[in-house]
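So you can see what is in the structure, the chains are spelled out below.
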Amino acid sequence: MDNAWCLPSPITGIGQGQFVILPNMPRGLVGLACLDYLNSMSIRPILIHPDPRLKKKCAELPGVDADLRRLADDMLETMYDAPGVGLAAPQIGVLKRIFVMDVAGKEATPEPRVLINPELTWTSEALNTYEEGCLSIPEIFDEITRPAVVRMRYLDVDGKEHEDEFDGLGATCVQHELDHLNGKLFIDFLSVARRGLITGKMKKLKRERARD
Amino acid sequence: MAAAPVTSVDDDIRAIWDEMLSAMYAMPGVGLAAPQIGVMLRLAVVDAGEKRAAIRMANPEIVKASTTLQIHEEGSPNLPGLYAKVSRPDRVTLRFLDETGVRVEHEFTGLWSTSAQHQVDHLNGRMFFDRLGPVKRRMLIDKHLKQQKRGR
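Residues numbered from 1 in each chain as written. Chains lettered and ligands numbered in written order. Predicted model: local features only at pLDDT ≥ 70, side-chain atom pairs only at ≥ 80, totals over all residues.

J.: How should I be thinking about helix α2 (residues 66-81) of chain A in this particular structure?
T.: Because the α-helix completes a turn every 3.6 residues, residues three or four places apart line up on one side. Along its 16 residues, α2 of chain A runs 22 Å from first to last C-alpha, staying within 8% of the 22 Å computed at 1.5 Å per residue. When we look at burial in α2 of chain A, the residues that qualify are L68, L71, A72, D73, D74, M75, L76, E77, T78, M79 and Y80 of chain A. (Helix = DSSP H or I, 4+ residues; strand = E, 2+ residues; numbered from the N terminus. Expected span 1.5 Å × (residues − 1). Buried ≥ 20, exposed ≤ 12 C-beta atoms within 10 Å, placed from the backbone.)

Structure below.
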């Protein structure tokens, strides 16, 4: 920790003490112990489908810097606030290849992760079906079948390369988020009719929100 | 599907314009119509200059168009990766409500003209490929369907 202001013994730190999660905080109320970061971090508005920014292939990040770490912090805060288990940068209108996730259960210790320039290096032949939802398509859930286990290579917020294996909800989540970076939504796996129905619902939702 | 006219320009409308502008600049693009972000209202923004100087329009309609045409390669974020050369008047005058709700007329030339007409098309439920001949149109749509099938 390079910041004396931070509360002691954070369970999880990302980078060098920018983001501190206290063990007993309920989800959605992630404790941000550093006062200076408390002021700078922010919950960003989540784009709702349809939006051209959600259909765009995002650009590779040339490197990791302080701005990117700030973005990652904002994304995590936005994700926990929603609440969701994953959030990709285009969902807050930033067209860059970065997503955040936390698939630890509601009661478990939070496990925030930041994945930069992620790519799949291996996918299992075995498939898994999960009921997926998306913060950009609120209140819509559908069963999507994807490889059950995947390996993904990515950079963390310190620019260090990792290659990790994901299974269960983690596998679904990383594939769902990677799709976002390629301009693809989970409803693109559904039939044209179902997708049209969902898009219609979202347009209605936007109309209602615009009126409020 | 045609978008509905707006009755008056208020803060809600101005917020939608701002959202449209952030979407447009993020793409980056030179224009955007509200239906593209799922808002079925007759709102459009255009900014085709070097410096940022967006024009916000409500209920735009073309009142004058030049007889001379220009060809520009057009695309749309709703059909990623698909582009076609479309021929349109190189100069048009649009009448619309501006951000203060005042009815104004503005002449667009060059890329501004192409984009403004492209946006008015969107508001009338037309896409740029509707301006193509039947053969080119078919080819473009087939290409799109093929991309969709591959899951892009």
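Read on, since the account is not over.
J.: Is there a simple way to think about the pairing of strand β4 (residues 98-101) of chain A in this case?
T.: Where a strand is regular, its side chains alternate between the two sheet faces. Residue and element names in this part refer to chain A. Residues I98 and V100 line one face of β4 and the alternating positions F99 and M101 line the opposite face, and both faces are buried. In the sheet, strand β3 (residues 86-88) pairs with β4 via three bridges, with the strands oriented antiparallel. Bridging from a neighbouring strand, A88 pairs with F99 of β4. As paired elements, β4 and strand β5 (residues 113-123) share four bridges and run antiparallel to each other. If you follow F99 over to β5, its bridge partner there is L115. (Pairing = 2+ DSSP bridges.)

J.: Just checking my understanding: could you explain the confidence of the model for chain A for this structure?
T.: Reading fine detail from the predicted coordinates is not recommended where pLDDT is low. Predicted confidence across chain A gives a mean pLDDT of 84, with 81% of residues reaching 70 or more. Predicted confidence is poor over residues 1-39 of chain A, with pLDDT under 50, and the contacts of this stretch with residues over four places away or in other chains come to 67 contacts. (pLDDT = per-residue confidence, 0-100. Contact = placed C-beta atoms within 7 Å.)

J.: What's the story with the nonpolar core in this structure? I'm lost.
T.: General note: in soluble globular proteins, nonpolar side chains tend to be found buried as a group. All names here are of chain A. Core analysis: the biggest nonpolar cluster contains 41 residues, and A72, M75, I98, F99, V100 and V174 have the highest contact counts within it. If you list the elements that add at least two residues to this core, you get α2, β3, β4, β5, β8 (149-155) and α3 (168-181). Considering every element that reaches this core, the biggest residue donor is α2, with seven residues. (Core = buried A, V, L, I, M, F, W, Y, C linked by C-beta atoms within 7 Å.)

J.: Would you mind showing me how to read the sheet that holds strand β7 (residues 103-109) of chain B here?
T.: The pairing of strands in a sheet happens through backbone hydrogen bonds and is either parallel or antiparallel. All names here are of chain B. On the basis of which strands lie adjacent, the open sheet formed by five strands has the order β1-β2-β3-β6-β7 and antiparallel pairing. Of all strands in the sheet, those with a lone pairing partner are β1 (31-33) and β7, marking the two edges. Adjacent strand axes in the sheet meet at a mean angle of 40 degrees, parallel and antiparallel pairs treated alike. Pairing between β1 and strand β2 (residues 43-46): three bridges, direction antiparallel. The residue bridging A33 from the neighbouring strand is A44, located in β2. In the packing of helix α1 (residues 11-26) onto the sheet, the strands contacted are β1, β2 and β3 (55-65), and the crossing angle to β2 comes to about 45 degrees. Contacts between helix α2 (residues 110-123) and the sheet are confined to β1, β2, β3, β6 (91-97) and β7, with β1 contributing the most and set at about 15 degrees to the helix. (Axes fitted to C-alpha atoms, helices over the stretch in contact; angles between N-to-C directions.)

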